[in-house]
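# What the coordinates show
Chain residues, written in single-letter form:
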Amino acid sequence: MNGAADMGGAGTYGNTEADEAGALDPESASRLLTQTQRQAQRSLDFRSPWLTLIAAAVALIAFGAVWLSVREQHPFKGPTAAALVVLYALVAIRIGTVVYAHRRASAGVSGSSVRQQRAEGVALVAALVAVYLPIVSLAQDGAGHASFYWVYAVTATLIVLGAFWAGRSAVREDWMGLGVSVAVMLVGAVSALAGPRGMWLSDGIGLCVVLLGYTAVEAGLVHAPRSGT
Amino acid sequence: MTADALDPLIHVPARLQIVATLATLPDGDALSFTRLQDMIGLTPGNLITHLRKLEDADYLTSEKTGNGPASRTSVALTRQGRAALDTYAATLRQMLNGL
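Residues numbered from 1 in each chain as written. Chains lettered and ligands numbered in written order. Predicted model: local features only at pLDDT ≥ 70, side-chain atom pairs only at ≥ 80, totals over all residues. Heavy atoms only, no water.

Spatial ordering of the open sheet is given by β1(A)-β1(B)-β3(B)-β2(B), a layout of four strands whose pairing is antiparallel. Strands with a single pairing partner mark the edges of an open sheet, and in this sheet they are β1 (109-111) of chain A together with β2 (60-65) of chain B. Averaged over all pairs of adjacent strands, the angle between strand axes in this sheet comes to 30°, irrespective of strand direction. (Pairing = 2+ DSSP bridges. Helix = DSSP H or I, 4+ residues; strand = E, 2+ residues; numbered from the N terminus. Axes fitted to C-alpha atoms, helices over the stretch in contact; angles between N-to-C directions.)

Spelled out as structure tokens, the structure:
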């Protein structure tokens with residue numbers, strides 16, 4: 001064991017004997033074990049109720065802004081530039097918060113799960129690129145309605161994200177994550193039926209409700225009393 | 001059942017925290033010394049001493065990568081260490097149920 005370099009050479013040796021002497025009774029040990037495991041899980045997991053709450057707000061405001069811009073116009077016309085700026089800016093904020101939280105949670109962690117997460121990231125990007133490529137092909141073939149592209153792009157994105165997270169949750173036996181992922185896929189698929197204008201409102205409200213529900217359950221689990229060990 | 005039935009190597013606040021923290025990582029993952037220190041809040045010297053005791057008992061492994069100031073030490077719980085914590089937790093449960 002040599003952690004001196006990590007410490008920048010600051011070898012402040014504490015009184016270990018004092019720690020040894022501080023005997024633990026079983027109840028204190030049980031409390032300490034539970035508390036430590038809970039804190040470690042929270043610290044090492046990038047997901048949090050706050051992050052989900054931000055996602056719910058982003059979904060409602062971003063999709064709501066686009067819906068406000070398209071609700072009175074011809075169904076075959078796409079969203080306005082201003083609405084798209086709001087949409088992309090909020091999506092960028094959402095991605096930024098997730099990346100920040102993930103980096104913070106995984107700082108100092110190495111090993112097989114890190115490699116696994118990188119591979120999952122590659123798979124997700126490949127899946128998204130694969131579903132966007134047909135849009136390019138259709139545009140080249142002369143399919144001209146902007147609304148078609150938006151219905152396809154938004155629906156496909158939600159289904160790919162939901163399917164990806166559902167698979168990930170199933171492997172980790174995270175049944176709540178699996179339920180939320182399936183709900184996201186359903187919101188995407190059902191909203192497409194609402195047409196090029198109604199889709200935006202349906203997606204915004206649907207995702208917001210699903211994510212708020214998830215936040216409430218998550219927060220309940222975090223604060224729920226748990227038995228020792 | 002008395003407290004003597006508990007693994008004396010783990011039944012110390014600092015080492016219990018170290019083992020419990022490392023056990024939350026998936027099998028095959030390691031944690032850097034600095035992150036572990038940050039999570040537990042021990043002084044570097046104190047942490048090294050406790051880690052050495054756990055490593056001597058084959059409860060954890062450490063790996064140093066790089067040289068000089070850029071070097072990094074990572075620690076991971078061994079299968080034996082994970083089993084020891086499971087046994088410790090089970091013994092604790094039995095003791096508390098017997099109270």
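With that out of the way, let us pick up the interface of chain B and chain A. Each partner contributes to the interface: chain B provides 52 residues, whereas chain A provides 40 residues. Carbon and sulfur atoms make up 59% of the surface buried where chain B meets chain A, a total of about 3,700 Å² over both sides. For the pair chain B and chain A, the number of links is zero salt bridges. Put simply, chain B and chain A have nine residue pairs in polar contact (both at pLDDT 80 or more) between them. Those elements that place two or more of their residues in the side of chain B that touches chain A are α1 (13-23), β1 (29-32), α2 (33-40), α3 (44-56), β2, β3 (72-77) and α4 (79-97) of chain B. Examining the composition of the side of chain B that touches chain A, we find that 10 residues originate from one element, α3 of chain B, more than from any other. Partitioned by chemical class, the residues of the side of chain B that touches chain A number 25 nonpolar, 17 polar and 10 charged. (Contact = heavy atoms within 4.5 Å. Buried area = accessible area lost by both parts, 1.4 Å probe. Salt bridge = Lys/Arg side-chain N within 4 Å of Asp/Glu carboxyl O. Polar contact = N/O pair within 3.5 Å; in protein donor to acceptor, adjacent residues only side chain to side chain. Nonpolar A, V, L, I, M, F, W, Y, C, P; charged D, E, K, R; others polar.)

Bringing the packing of aromatic side chains into the picture now. Residue and element names in this part refer to chain A. In this structure the tally under the stated criterion is four aromatic pairs over all chains. On the numbers, 5.8 Å between centres and 40° between planes, the contact of Phe63 with Trp200 is tilted. Highlighted residues: Phe63 in helix α3 (residues 49-70) and Trp200 in helix α8 (residues 195-223), separated in sequence by 137 residues. This pair shows no difference in class: Phe63 is buried, exactly as Trp200 is. (Phe/Tyr/Trp six-rings, centres within 6.5 Å; stacked < 30°, edge-to-face > 60°. Buried < 20%, exposed > 50% of the residue type's maximum accessible area, 1.4 Å probe, protein only.)

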